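Report on the structure
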Amino acid sequence: MWKYLTVAALAIDALVASAAMLPQQYPLDNNPSALASQQLPVLDGLPVAGMQLVAIDSEYSADTQQSAEQPANNNNQETQESGAGSGSQGGSFRIPISVHKSATSRASTMAARIRTLKKHMLSVPGKWLQAVEKLPVKEYGNGIEYYGEVGVGSPPQIFKLDLDTGSGDVWLAGEQCDVCSRHKKFSPKKSSTYKMEGRKWGISYGDGSFAAGYTIRDTVTIGNLTVPNQVIGLAVNESKAYQVDTVDGLLGLSYSGVSFIQGVTTFLDNIYENNYLKDPLFSVYIKEKDKDDYAGEYLFGDIDKNRYSGDLTWVPLYQPKFWQIMLDNVSLNVDGVGKEKMEISGPVILDTGTTLIVMNDEQATEFHRAIPSAENSDIYGWIMPCNTEQLVPGNVSFTIAGVDFSVPVKNIVREPVKGLDGWCFSAVTSGASNFIILGDVFLRSNYVVFDRGNSRVGIAPSKH
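A short tour of the structure in this document, coming up. (Residues numbered from 1 in each chain as written. Predicted model: local features only at pLDDT ≥ 70, side-chain atom pairs only at ≥ 80, totals over all residues. Heavy atoms only, no water.)

**Digging into the overall build of the protein**
Broken down by element type, the protein carries eight helices and 27 strands. Burial analysis of the protein (464 residues in total) assigns 60% to the buried set. Relative to all contacts within the protein whose residues are 6 or more apart in sequence, the contacts with residues 24 or more apart total 74%. If you sum the accessible surface of the protein, you get close to 18,000 Å²; carbon and sulfur atoms cover 49% of it. (Helix = DSSP H or I, 4+ residues; strand = E, 2+ residues; numbered from the N terminus. Buried < 20%, exposed > 50% of the residue type's maximum accessible area, 1.4 Å probe, protein only. Contact = heavy atoms within 4.5 Å. Areas by Shrake-Rupley, 256 points an atom, 1.4 Å probe, with all protein chains shown as cover.)

What follows is the structure, given as structure tokens:
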């Protein structure tokens, strides 16, 4: 256990140290448009793809479920100052998840693996990078992206942002970004609440994509919730990969301290510290998209009992700042055969901005030992027969707080490997170090409540 605590602490220290290396301030009279041609420092950082959402105006109010062991929340006070966050105190609102198909999607398994490892400051095998570089853009994934509409400024300028529990920063395209023609750009002149801050920021990803710019402060609006004075990164330069991407940027939903801009209070902590929601939590429900492209929802400030089966299992956070809990073990349950337990346990991060499940090399080897004919390719990483669902029908169970949460075997099998007939990518990949990452593959099968007020998560099997 101490090994995990030490490495996690070092990772946080590395984030802070890296951010401290950035120049802290542009002169306020500096012309931001000149930044587009400057060589800005670039850090390893945030994901490109993952869970994104689409906002609507309708409200939802349900009975908030409280567990017997939940401590009293003394932060549920009314906002005392005019001009502070508004719109949802005492209420809640839904953000439905919608699906966008794009021939230029970069969300392939290979690209998703690389982005996840770089996001969490982990090393990427060189051969994986070479394999991704050889793939044409049109081959990047199943052509599906999710995004959410978030307002920035007053009145709100609407942007398609990735809502990510594994990140802390907010960033989007700025009007000085000449190469961001596909994206909507934020215009400071159109916002009465805009404030120039001027710190440099930069992020890069293992697939070669990057973005860089400067920081501002302004109001962020999502659903019925308005959060003022949020630090936001405006991109003035980005790589070609971003230029064809559907999303305009990212909205992190992690604790403060998981940010590449030093000293930033994250959007989530702004909500919590200023009591902008009566119940400082949000719930995530993901499903296979229906004929109307509805694929689930975020529910801010409440819990929808109709979206899950049984009772929520409440689990305290193992590592503050991250949405990190402890995993007891993993097992493969084969229909008509029984359960095969795997020697896999330790800290896990619940990350809506990650597509896959990421383990360390030893754990990934142990997992695939139970999958007939699964192989660890030097070039493609873990792959398995495309008919694995027929070979081992059933599910994979992740035991947390003594309760099993399942993922169907069919969801572990990803898209076919180009040039390898009958082989598909695995949704479980290697490369993690001191923690396992449970991404959308897990969240599609399990309803999760992210409770900032009580530093815990609630999990239950989703209803589909």
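After that view of the structure, there is still more to cover.
**Things to note about the nonpolar core**
Core analysis: the biggest nonpolar cluster contains 74 residues, and Phe-267, Phe-367, Phe-398, Phe-442 and Val-457 have the highest contact counts within it. At five residues, the largest contribution of residues to this core is made by strand S8 (residues 225–238). Once you skip the residues sitting within four places of it in the chain, Phe-367 turns out to touch Val-330, Met-342, Ile-344, Met-359, Val-396, Ile-412 and Val-428. Grouped together as the second largest cluster of nonpolar side chains are 10 residues, Leu-281, Tyr-285, Leu-299 and Val-449 included. (Core = buried A, V, L, I, M, F, W, Y, C linked by side-chain atoms within 4.5 Å.)

**Comments concerning the pairing of strand S23 (residues 423–426)**
The side chains of a regular strand alternate, residue by residue, between the two faces of the sheet. Summarising the sheet, strand S19 (residues 381–385) and S23 pair through three bridges and their orientation is antiparallel. Pairing of Met-384 across the sheet is with Cys-424, part of S23. Counting the residues that bridge the hairpin from strand S22 (residues 413–416) to S23 gives six residues, and of these Gly-419 lies at a positive phi of roughly 90°. (Pairing = 2+ DSSP bridges.)

**Describing the side chain of Glu-366**
By the secondary structure assignment, Glu-366 is in helix H6 (residues 361–369). The exposure class assigned to Glu-366 is buried, which follows from its relative accessible area of 16%. Only 2.9 Å separates the side chain of Glu-366 from the side chain of Arg-369, close enough to count as a polar contact. Apart from the residues within four sequence positions on either side, Glu-366 is in contact with Lys-341, Met-342, Glu-343 and Ile-344. (Polar contact = N/O pair within 3.5 Å; in protein donor to acceptor, adjacent residues only side chain to side chain.)

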